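Here are the chains, one letter per residue:
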Amino acid sequence: MQIAIVGLGRMGGNMVTRLLGGGHHVVAFDRDPSAVSRLAQQGATPASSLADVVAKLAGPRTVWVMVPSGKPTEATISELATLLSPGDIVVDGGNSNFRDSTRHSDELAKRQIRFLDAGTSGGIWGLEVGYCLMVGGDKSAFDHVLPAMTTLAPKGGLGYFGKAGAGHFAKMVHNGIEYAMMQSYAEGFELLKATDYGYDLREITKVWNHGSVVRSWLLELAERAFNADPELSGLKAYVDDSGEGRWTINEAVAHAVPVPTIAASVFARFTSRQTNSFAMRVLAALRNEFGGHAVRKT
């Protein structure tokens, strides 16, 4: 089928490559002309603007947006709304808040433009193994885009979950679970490293990845990381977050659903960004005041 990908970063660019490999006609656009040129060399049709994207697609047009959530997505969808025609389709494959996706669907529907929110998981490995796609929105649009989604997703890794917002809500919870899983691995490996057994964490991950109940793709990635740098000495202990973990906690509060493990994993990321934490200094001061425990001076 014919489809445009807007946003050719680490995921969007690889999605274009995978679609081209599946025989689809892809129009590619990014604010960075070099990204467009690179994919044009692979067979994509280059576009110089969103207006050019629309001009190079036949109706009903499908434009898949893969830009950062928030203002970049808002600006892109708003401009597309003025360029597309009734019956055309906008797919938001970024990490947008599900409430924004519901609003986008309603706003585009006033122009008779169909909308899909496609929660997309797979990261930089999606090119090779495929992208897990969690989709919400207009069912007729889903049916139209299904050939491209089938190419993008691995077997069994594509699902349509209903009205707009359902796809990004599922992706939000998916990422909340991911936070907790990664935090659990991180804590376990730190405990192993703290003992006097001298564990080789490369060997631990290799063994656990064969038959263990904790084996997973994340653990396979941990094995790769330890093989590349056993002490992870090239990294700083700073972990960012892109928002989905926070949103998951907010929705858990709104629905009175306890998610203590996910919440703790998000707060652990906040802790990683603190140098000489004030809270920890308060703890040291209190221990010194009530018990005379030793403190370390700056």
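Report on the accompanying structure. Since the structure is predicted, the reported quantities are computational estimates derived from the model, not experimental observations.

Right, let's talk about the sheet that holds strand E4 (residues 62-65) for a bit. With mixed pairing, the eight strands of this open sheet are ordered in space as E3-E2-E1-E4-E5-E6-E7-E8. Here the strands that pair on one side only, and so sit at the sheet edges, are strand E3 (45-46) and strand E8 (158-160). Pairing between strand E7 (residues 132-137) and E8: three bridges, direction parallel. Across the sheet, the residue bridging to Met134 is Gly159, located in E8. Together, strand E5 (89-92), strand E6 (114-121) and E7 form the strand contacts of helix H8 (residues 166-194), whose direction differs from that of E6 by roughly 15 degrees.

Across the five residues of strand E2 (residues 25-29), four count as buried, placing the element largely inside the fold. As paired elements, strand E1 (residues 2-6) and E2 share five bridges and run parallel to each other. Note that in E2 the partner of Ala4 across the bridge is Val27. Between E1 and its parallel partner E2, the chain crosses via helix H1 (residues 12-21), and the hand of that crossover is right-handed. Here E2 pairs with E3 via two bridges, running parallel. Bridge pairing in E3 places Ala28 opposite Pro46.

Turning next to the nonpolar core. Of all hydrophobic cores here, the largest spans 29 residues; its most connected members are Leu8, Val16, Trp64, Leu116, Leu133, Val145 and Met149. Contributions of two or more residues to this core are made by E1, H1, E2, helix H2 (33-40), E5, E6, E7 and helix H7 (139-152). Broken down by element, the residue count for this core peaks at six residues, all from H7. Ranked by size, the runner-up nonpolar core spans 21 residues in total, among them Val27, Ala47, Ile77 and Ile113.

Let us look at the environment of Asp229. Examined against the element boundaries, Asp229 turns out to sit in the loop between helix H10 (217-228) and helix H11 (244-254). Through-space distance from the C-alpha of Asp229 to that of Arg202 is 9.5 Å; in sequence the pair is 27 residues apart. Here Gly234 takes part through its backbone nitrogen, which lies 3.0 Å from a polar atom of the side chain of Asp229.

Turning next to the pattern of salt bridges. One pass over the structure, following the stated rule, counts 13 salt bridges. For Arg103, the salt bridge goes to Asp100, with nearest N and O atoms at 3.1 Å. Here Asp100 and Arg103 lie together in helix H5 (residues 98-109), a separation of three residues that amounts to about one turn. One salt-bridge network, held together by shared partners, links Glu74, Asp100, Arg103 and Glu107.

The next thing to look at is the packing of H11 against helix H12 (residues 260-272). Contact geometry for H11 and H12: axes closest at 10 Å, N-to-C directions at 140 degrees. Here H11 lies oblique to H12, going by the angle between them. The chirality of how H11 crosses H12 is left-handed. Only Ile262, Ala263, Val266 and Phe270 of H12 make contact with H11, whose side of the interface consists of Gly245, Arg246, Thr248 and Ile249.

This paragraph deals with the environment of Ile249. Relative to the helices and strands, Ile249 is located in helix H11. With relative accessibility at 16%, the residue Ile249 sits in the buried group. Along the primary structure Ile249 and Trp208 are separated by 41 residues, whereas in three dimensions their C-alpha atoms are 30 Å apart. Among all residues touching Ile249, those that are not within four sequence positions of it are Ile262, Ala263 and Val266.

Attention now moves to unusual backbone geometry. Cis rather than trans, the peptide bond between Gly59 and Pro60 has omega equal to -10 degrees. Mapped onto the fold, Pro60 is located in the loop between helix H3 (50-55) and E4. Positive phi, close to 55 degrees, is recorded for Ala256, a residue that is not glycine. On the basis of relative accessible area, Ala256 is assigned to the exposed category, the value being 68%. Of note, the phi angle at Asn276 is positive, near 55 degrees, even though the residue is not glycine. Looking at the element boundaries, Asn276 is found in the loop between H12 and helix H13 (278-291).

With that settled, consider the packing of aromatic side chains. Per the counting criterion, the structure on display carries seven aromatic pairs. When the centroid spacing of 6.4 Å and the interplanar angle of 25 degrees are considered together, the rings of Tyr185 and Phe189 count as stacked. Residue Tyr185 and its partner Phe189 are both found in helix H8; the two are separated by four residues, about one turn of the helix. Note on accessibility: Tyr185 and Phe189 belong to one class, buried. With 5.2 Å between their ring centres and 75 degrees between their planes, Phe189 and Phe226 make a pair best called edge-to-face. With Phe189 in helix H8 and Phe226 in helix H10, the pair connects residues that are 37 residues apart, well separated along the chain. Residue classification places Phe226 among the buried positions, given a relative accessible area of 7%. An aromatic cluster is defined as three or more aromatic residues linked by ring pairs; in this entry it consists of Tyr185, Phe189, Trp208 and Phe226. The ring centre of Tyr160 lies 5.7 Å from the NZ or CZ of Lys139, which sits over that ring. Sitting over the ring of Tyr179, Arg269 keeps its end group 3.7 Å from the ring centre.

About the criteria used
- Residues numbered from 1 in each chain as written.
- Predicted model: local features only at pLDDT ≥ 70, side-chain atom pairs only at ≥ 80, totals over all residues.
- Heavy atoms only, no water.
- Pairing = 2+ DSSP bridges.
- Helix = DSSP H or I, 4+ residues; strand = E, 2+ residues; numbered from the N terminus.
- Contact = heavy atoms within 4.5 Å.
- Axes fitted to C-alpha atoms, helices over the stretch in contact; angles between N-to-C directions.
- Buried < 20%, exposed > 50% of the residue type's maximum accessible area, 1.4 Å probe, protein only.
- Right-handed = clockwise from strand over helix to strand, strands pointing away.
- Core = buried A, V, L, I, M, F, W, Y, C linked by side-chain atoms within 4.5 Å.
- Polar contact = N/O pair within 3.5 Å; in protein donor to acceptor, adjacent residues only side chain to side chain.
- Salt bridge = Lys/Arg side-chain N within 4 Å of Asp/Glu carboxyl O.
- Parallel < 35°, antiparallel > 145°, perpendicular 65-115°, else oblique.
- Left-handed = near helix turned anticlockwise from the far one by under 90°.
- Phe/Tyr/Trp six-rings, centres within 6.5 Å; stacked < 30°, edge-to-face > 60°.
- Lys NZ or Arg CZ within 6 Å of the ring centre and 35° of its normal.

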